[in-house]
Amino acid sequence: MRYLSDVIDGLAFTELQGSADVEITAIAFDSRAVIPGAMFVAVKGTLVDGHDYIDQAIKKGAVAVICEDLPAHTTGEVDFLMVADSAVALGIVAANFYDNPSAKLKLVGVTGTNGKTTIATLLYQLFRDLGYKCGLLSTVENQINGKVIPSTHTTPDPVELNNLLAEMVDSGCDYCFMEVSSHAISQKRIESLVFAGGVFTNLTHDHLDYHKTFLRYLNAKKEFFDGLPKDAFALTNSDDKNGNVMLQNTVAHKKSYGLKTMADYKARILENQFSGLLLQIDGEEVWFKMVGTFNAYNLLGVYATAMLLEQDKAKVLTSLSKLTGAEGRFEYITAPNKVVGIVDYAHTPDAVQNVLSTIHDIRKGNEKVITVIGCGGDRDKTKRPIMAKTACEWSDKVILTSDNPRTEDPAQIIKEMEEGVDPAFKRHTLSIIDRHEAIKTACMLANPGDIILVAGKGHEKYQEINGVKNHFDDIEELENRFKDLV
């Protein structure tokens with residue numbers, strides 16, 4: 001049983017109309033989710049203002065409302081609390097309602113442009129292999145000690161987030177590893193969470209449709225580290241120029257990892273093949289099943305996190321050597337005629353370059369690299385020509401196609417990508433709107449030994465067109481086509 005006085009503990013409000021003794025049955029910021037006895041938090045979003053739905057929430061049974069602007073007319077039947085920022089208030093009351101679950105386990109947040117999913121997933125797999133009960137909150141899926149819960153956002157809203165964390169506590173979890181997106185930080189979704197540590201991967205061009213400028217994107221990431229407590233750790237990639245920026249104002253213990261520059265945790269690539277990586281990591285030579293320089297960083301970040309969480313070095317390296325990472329990240333298959341197909345979630349210019357440079361490092365001779373790539377609709381448009389340019393510079397042939405066009409015209413998206421194709425590359429570039437046909441064409445163009453990269457969707461099993469998610473799986477498409485390549 002939760003009373004209003006319990007739920008608003010630590011909340012700074014400028015006005016309270018009503019009694020703090022009312023019982024609260026749920027927290028909701030969407031009026032459609034209100035049940036009798038709920039507290040409704042009116043949040044001003046980017047598209048919808050929750051204040052417009054206060055009356056609907058009350059009609060559905062809300063007994064308390066948190067808002068920034070009081071309605072013109074209020075009655076004594078419903079308690080009203082006025083606050084400066086409803087988004088912040090939502091995080092506080094959601095954490096209180098679920099009895100602050102993040103403080104009852106060790107919560108580690110992973111942020112950055114690329115690598116979040118892989119690092120969070122590897123940490124989850126590693127710590128379970130070490131014998132701990134763990135939770136995972138990621139782009140691909142949420143898990144509670146093996147129980148899979150579908151994921152709709154990189155970082156859930158505060159109510160769902162605290163609910164999931166409470167389930168983890170009830171299940172006896174010792175740790176939770178979660179992706180922390182820049183949107184979640186800006187929208188205060190992680191407000192009132194208690195982190196044991198934070199990990200920074202890298203920062204490159206992405207989400208400027210939302211943040212507008214790279215500086216605002218950078219500052220959103222930095223805000224996460226600024227908020228870490230004194231007894232937490234702040235681990236950053238020293239090879240990324242923005243790594244030190246993350247540490248400027250944090251009071252947490254500052255640590256770093258890197259392959260090139262001075263760092264607290266170091267690694268060196270000894271071998272890089274399709275079959276895996278041989279790394280010298282903190283003086284130990286270890287073979288890993290994962291591929292590429294970007295995964296060397298991911299593995300080192302996971303290792304460093306485990307060391308900061310006081311795990312045994314030998315056990316950690318032994319366990320890590322067996323793991324394969326997140327679904328849809330450099331996932332590859334081989335056709336009967338030795339054509340190699342690679343599916344990767346790369347959907348930023350830097351991620352595309354990382355994957356293609358890895359392929360370039362691994363290829364043995366004259367194999368052609370054929371890249372199938374698109375850009376999502378209703379997302380950052382400025383990266384479209386850059387992604388096409390990057391793909392052309394690192395590939396022998398490029399097929400521009402649809403990703404998730406969402407509400408945009410896929411032909412227009414491809415046209416904007418084409419603007420980045422240098423005239424010298426145009427005769428090696430095709431534009432095919434239908435992703436199915438694009439993958440089919442890539443397979444038809446491939447000779448034995450060639451490498452096909454299908455980038456952008458990775459683990460996703462759908463293609464979103466005008467609000468409808470149609471089944472589409474890049475790996476499945478390649479597998480079906482590869483059956484004919486003999």
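Residues numbered from 1 in each chain as written. Predicted model: local features only at pLDDT ≥ 70, side-chain atom pairs only at ≥ 80, totals over all residues. Heavy atoms only, no water.

### So, the overall build of the protein chain
So, point 1. Summing up its helical and strand segments, the protein chain has 16 helices and 26 strands in all.
So, point 2. Over its C-alpha trace the protein chain gives a radius of gyration of 24 Å, about what one expects of a compact globule, namely 23 Å for 486 residues.
So, point 3. For the protein chain, buried positions account for 55% of its 486 residues.
So, point 4. Of the contacts made within the protein chain by residues no fewer than 6 positions apart, 65% connect residues no fewer than 24 positions apart.
So, point 5. For the protein chain, the computed accessible surface area is about 20500 Å², with 49% contributed by carbon and sulfur atoms.
So, point 6. Of the charged side chains in the protein chain, 50 are positive and 66 negative, and the gap between their average positions amounts to 5 Å. (Helix = DSSP H or I, 4+ residues; strand = E, 2+ residues; numbered from the N terminus. Rg over C-alpha atoms; globule rule 2.2 N^0.38 Å. Buried < 20%, exposed > 50% of the residue type's maximum accessible area, 1.4 Å probe, protein only. Contact = heavy atoms within 4.5 Å. Areas by Shrake-Rupley, 256 points an atom, 1.4 Å probe, with all protein chains shown as cover. Lys, Arg positive; Asp, Glu negative; His and termini not counted. Charge placed at Lys NZ, Arg CZ, Asp CG, Glu CD.)

### What about the pattern of salt bridges?
So, point 1. The final tally for this structure, using the stated rule, is 18 salt bridges.
So, point 2. Ionic pairing is found between aspartate 99 and lysine 104, a salt bridge with its closest N-O pair at 2.7 Å.
So, point 3. Classification of lysine 104 by relative accessible area gives partly exposed; the value is 46%.
So, point 4. Ionic pairing is found between lysine 461 and glutamate 327, a salt bridge with its closest N-O pair at 2.3 Å. One end of the pair, lysine 461, is in the loop between β24 (451-455) and β25 (462-465); the other, glutamate 327, is in the loop between α11 (313-320) and β19 (331-334), and 134 residues separate them in sequence.
So, point 5. Residue classification places lysine 461 among the partly exposed positions, given a relative accessible area of 32%.
So, point 6. Through salt bridges that share partners, Lys381, Arg384, Glu408 and Glu416 make up one connected network. (Salt bridge = Lys/Arg side-chain N within 4 Å of Asp/Glu carboxyl O.)

### Structural notes on the side chain of serine 395
So, point 1. Take serine 395: it is sitting in the loop between α13 (384-394) and β22 (397-400).
So, point 2. Relative accessible area serves as the criterion here: at 13%, serine 395 is assigned to the buried category.
So, point 3. Here the side chain of serine 395 touches alanine 391 through a polar contact of 2.7 Å, landing on its backbone oxygen.
So, point 4. Setting aside its immediate chain neighbours within four residues, serine 395 contacts Leu356, Val369 and Thr371. (Polar contact = N/O pair within 3.5 Å; in protein donor to acceptor, adjacent residues only side chain to side chain.)

### Overview of the packing of helix α12 (residues 349-362) against α13
So, point 1. The contact between α12 and α13 brings their axes to 9 Å, and the two run at 10°. Overall, the two elements α12 and α13 adopt an arrangement that is roughly parallel. Packed against α12, whose contacting residues are Pro349, Val352, Gln353, Leu356, Ser357 and His360, the element α13 presents Ile386, Met387, Thr390, Ala391 and Trp394 at the interface.
So, point 2. For the contact of α12 with α13, the class distribution of residues is seven nonpolar, four polar and no charged. (Axes fitted to C-alpha atoms, helices over the stretch in contact; angles between N-to-C directions. Parallel < 35°, antiparallel > 145°, perpendicular 65-115°, else oblique. Nonpolar A, V, L, I, M, F, W, Y, C, P; charged D, E, K, R; others polar.)

### Observations regarding the sheet that holds strand β7 (residues 79-82)
So, point 1. In spatial order, the strands read β2-β7-β6-β5-β4; together these five strands make up an open sheet with mixed pairing. In the strand order of this sheet, the two ends are held by β2 (15-17) and β4 (26-28), each with one partner. Averaged over neighbouring strand pairs, the angle between their axes works out to 15° when direction is ignored.
So, point 2. In the sheet, strand β6 (residues 64-67) pairs with β7 via four bridges, with the strands oriented parallel. (Pairing = 2+ DSSP bridges.)

### Topic: the pairing of strand β11 (residues 147-150)
So, point 1. As defined by bridge partners, strand β10 (residues 141-144) adjoins β11 across four bridges and the pair is classed as antiparallel. Bridging across to β11, glutamine 143 finds its partner in valine 148.
So, point 2. Where β10 folds back on β11, the antiparallel hairpin that results is connected by two residues, among which asparagine 145 adopts a positive phi of roughly 50°.

### Some remarks on a nonpolar patch on the surface
So, point 1. There is a patch of nonpolar side chains on the surface, built from Leu47, Val48 and Tyr53 and spanning about 330 Å² of accessible area.
So, point 2. Secondary-structure assignment places tyrosine 53 in the loop between β5 (38-41) and α2 (54-59). (Patch = residues over 30% accessible without salt bridge, like charges linked within 9 Å, V, L, I, M, F, W, Y side chains within 5 Å.)

### Things to note about the environment of phenylalanine 274
So, point 1. For phenylalanine 274, the position within the fold is in the loop between β16 (265-273) and β17 (276-281).
So, point 2. Sequence separation between phenylalanine 274 and aspartate 361 is 87 residues; the distance between their C-alpha atoms is 10.0 Å.
So, point 3. Residues within four places of phenylalanine 274 in sequence aside, it is in contact with Val291, Phe330, Tyr332, Val340, Ile342, Ile362 and Ile451.

### Topic: the pairing of strand β26 (residues 468-471)
So, point 1. Looking at chain direction, β25 and β26 are connected through four bridges and run antiparallel. Looking at β26, one finds that tyrosine 462 is bridged to histidine 471.
So, point 2. Taken together, β25 and the strand that follows it, β26, pair antiparallel across an intervening segment of two residues, in which asparagine 466 is found at a positive phi of about 50°.

### With respect to the sheet that holds β19
So, point 1. A sheet is described by the order of its strands in space; here six strands give the open sequence β19-β20-β24-β21-β22-β23, paired in mixed fashion. Of all the strands in the sheet, just β19 and β23 (429-431) have a single pairing partner and so form its edges. Within this sheet the neighbouring strands show an average axis-to-axis angle of 15°, counted without direction.
So, point 2. Against the sheet, α13 touches β21 (369-373), β22 and β23, its axis set at about 165° to β21.
So, point 3. In the packing of helix α16 (residues 474-482) onto the sheet, the strands contacted are β19, β20 (340-344) and β24, and the crossing angle to β20 comes to about 170°.

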